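Coordinate inspection notes
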Amino acid sequence: MSPSQRSGSNQAATIIIVIADIMAGIIGLWILMYLLDANRANDLVNFLQDAARWLAGWSWDLFTFDEAWARVVAGYGLAAIVYLFAGHALANVLRRH
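Residues numbered from 1 in each chain as written. Predicted model: local features only at pLDDT ≥ 70, side-chain atom pairs only at ≥ 80, totals over all residues. Heavy atoms only, no water.

**Remarks on the packing of aromatic side chains**
For any pair of aromatic rings, the description rests on two quantities: the centre-to-centre distance and the angle between the ring planes. Inclusion rule: Between rings of Phe, Tyr and Trp, where Trp is taken as its six-membered ring, a pair exists when centres lie within 6.5 Å; planes separated by under 30 degrees are stacked, by over 60 edge-to-face, and by other angles tilted.
Enumeration according to the criterion identifies two aromatic pairs in this entry. Arranged with centres 5.9 Å apart and planes meeting at 20°, the rings of Phe63 and Phe65 form a pair that is stacked.

The following block contains the structure:
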């Protein structure tokens, strides 16, 4: 593999990691905002809630704990962990090739 191909793979891996980290960060911020009972009328809080719900649409209502905070932490937290794990794993594969 030529140095330019390796450099391209490293750049792609870095982009994937940054995107995965941003996605997980948005979800993590929403979890924090929820747990701290942030003002839902605030535009930033609404944006984070909407973005997190879209990113974690597949997992946000996956668990049925009695406590709402536990459902938020487990459902959204699972999505954040999956994005981090999948993004970093994919980046490692790209870097190896």
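**Section: the environment of Glu67**
Note the following rule: Numbering goes from the N terminus for both helices and strands, where a helix is a DSSP run of H or I of at least four residues and a strand is a run of E of at least two.
With respect to the helices and strands, the residue Glu67 is situated in the loop between helix H2 (43–55) and helix H3 (68–96). In this structure, the C-alpha to C-alpha distance between Glu67 and Gln49, residues 18 residues apart in sequence, is 18 Å.

**Quick word on the environment of Ala56**
Let me state the cut-off plainly: Under the scheme applied here, a residue whose accessible area is under 20% of the maximum for its type counts as buried, over 50% as exposed, and between as partly exposed, the area being computed with a 1.4 Å probe on protein chains only. Working rule for contacts: check all heavy atoms of both residues, and any pair within 4.5 Å makes them a contact.
Mapping Ala56 onto the fold places it in the loop between H2 and H3. Judged by relative accessible area, Ala56 falls into the buried class, the value being 0%. For the pair Ala56 and Ala24, spaced 32 residues apart in sequence, the C-alpha to C-alpha distance is 9.6 Å. The contact partners of Ala56, leaving out residues within four places of it in the chain, are Ile27, Tyr76 and Ala79.

**So, the side chain of Gln49**
By the element assignment, Gln49 lies in helix H2. Ignoring any residue separated from it by four or fewer positions in sequence, one finds Gln49 in contact with Trp30 and Arg40.

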